[in-house]
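Chain and residue survey
Each chain, letter by letter, is given below.
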Amino acid sequence: MLNVDLHCHSNVSDGVLPPAVVAARAKAKGVDVWALTDHDEVSGIAEAREAAAAFGLKYVTGVEISITWANETVHIVGLRVDEKNENLVQGLTYTRSGRERRAHEMAEQLAIAGIPNAFERALKYVGNPDLISRTHFARYILELGRCKDISEVFANYLTEGKPGYVPHRWATLKDAVSWIRGAGGVAVIAHPGRYKFNDVAMDALLNEFKQLGGTAVEVVTGSHTVEEYERFAKVARNYGLLASRGSDFHGPNESPVDLGALPPLPSSVVPVWHDWRL
Ligand code: AMP
Ligand code: MN
Ligand code: MN
Ligand code: MN
């Protein structure tokens, strides 16, 4: 059986390693089919594709788009996109454009909470000045020694109601799905188990996604529990969606799940790659 990992990050967004090093690690960890899915960015794809070819990995282009739906942030993965598609490129540029301003606001709030100069300090962890993420702030705050790990930093400083949290409006679901489909790709709802929606809202999201031409949901991901694999396998079947699998690896000492290390998809679902020529 193929080891397929269709979700991870490089330092082109909030991962730790450059795209080629992520490719090398995917190969070393037994991945056969690999997609790099940086947040709101496709500029790591050329390096990723070239490295994948050199290591004999089957490569799938990818991106993870930040959207706002019902006032919550949701992530939509696009797979098999043409990364040069103009609408997609423009859409991503627009999606990234608020990040620097947001980062300055986060730093102002963190300064009031007793963490000065966080913008400048977080920059040390930023690989792409166009893509400053909460994760880069988290790495700096962790360095200060006030929290035991990245999750605790998010819980104490960077999530809603905490001092460094700045609400942000991302792309719309409609735009993200249309950029992905317009670039020849398929849209996938990332880690659905992470959203704080009740059943009614989750149903509405899935219906709207389906109606817009969305294709799949992540079933087996680094952010799901074993119970959630079953829950979202059932969702995939009930809504006629295909299923995806991806570690959401960000870095060796940070991510709970390494590249290629997840269990296979449940046999009750149809993999998003079922009709791909691999
Ligand atoms: P941003 O797009 O700047 O809001 O940052 C979102 C990123 O922060 C996600 O892609 C994750 O990598 C990371 N993140 C969010 N919540 C957590 C958490 N509770 N623990 C660890 N990382 C998180
Ligand atoms: Mn991330
Ligand atoms: Mn995500
Ligand atoms: Mn991700």
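Just so you know, these numbers come straight off a predicted model, no measurement behind them.

**Topic: the coordination of the manganese ion (ligand 2)**
Donor atoms from the polypeptide that bind the manganese ion (ligand 2) are D14 (OD), H39 (NE2) and H250 (NE2), placed at 2.1 to 2.2 Å. Read in sequence order, the donor residues coordinating the manganese ion (ligand 2) give the pattern D-x24-H-x210-H. For the pair the manganese ion (ligand 2) and the manganese ion (ligand 3), the metal-to-metal distance amounts to 5.5 Å. Here D14 is found in the loop between β1 (4–5) and α1 (19–28), whereas its partner H39 is found in the loop between β2 (33–35) and α2 (45–55), with 25 residues between them in sequence. With relative accessibility at 3%, the residue D14 sits in the buried group.

**A word on the nonpolar core**
Ranked by internal contacts, the top residues of the largest apolar core, which has 56 residues, are L6, I65, I67, I76, L79, V219 and V272. Contact partners of L79, with chain neighbours within four places excluded, come to L6, A35, T37, V60, T61, G62, G185, V186, V188, S244, V272 and W276.

**Comments concerning the site of ligand 1**
Taken together, D14, H39, H75, R99, R102, S133, R134, T135, I150, S151, F154 and H250 make up the full set of residues near ligand 1. Within the side chain of R99, one N or O atom sits 2.9 Å away from an oxygen atom of ligand 1. Within the side chain of R134, a nitrogen or oxygen atom sits 2.8 Å from an oxygen atom of ligand 1. In isolation ligand 1 exposes 500 Å². Once the protein is present, 80% of that is buried. Using a 2 Å cut-off from the grid points, one finds that ligand 1 occupies the largest pocket. Elements supplying a minimum of two residues to the shell around ligand 1: α4 (99–112), α6 (134–143) and α7 (150–158). Tallying contributions element by element places α7 first for the shell around ligand 1, with three residues.

**With respect to the pairing of strand β8 (residues 242–246)**
Taken across its five residues, β8 has five buried, putting it largely inside the fold. As judged from the five bridges shared by strand β7 (residues 216–221) and β8, these two strands associate in the parallel manner. Across the sheet, T221 pairs through a bridge with G246, a residue of β8. The β-α-β motif built from β7, the intervening helix α10 (residues 226–239) and the parallel element β8 has right-handed crossover chirality.

Analysis parameters
- Residues numbered from 1 in each chain as written.
- Chains lettered and ligands numbered in written order.
- Predicted model: local features only at pLDDT ≥ 70, side-chain atom pairs only at ≥ 80, totals over all residues.
- Heavy atoms only, no water.
- Donors = N, O, S within 2.8 Å, 3.2 Å for Na, K, Ca; no water.
- Helix = DSSP H or I, 4+ residues; strand = E, 2+ residues; numbered from the N terminus.
- Buried < 20%, exposed > 50% of the residue type's maximum accessible area, 1.4 Å probe, protein only.
- Core = buried A, V, L, I, M, F, W, Y, C linked by side-chain atoms within 4.5 Å.
- Contact = heavy atoms within 4.5 Å.
- Near = heavy atom within 4 Å.
- Polar contact = N/O pair within 3.5 Å; in protein donor to acceptor, adjacent residues only side chain to side chain.
- Areas by Shrake-Rupley, 256 points an atom, 1.4 Å probe, with all protein chains shown as cover.
- 1 Å grid on protein atoms, 1.4 Å probe; cavity = no way out; pocket = protein on both sides within 12 Å on 5 of 7 lines; lining within 4 Å.
- Sits in = over half its atoms within 2 Å of the grid points.
- Pairing = 2+ DSSP bridges.
- Right-handed = clockwise from strand over helix to strand, strands pointing away.

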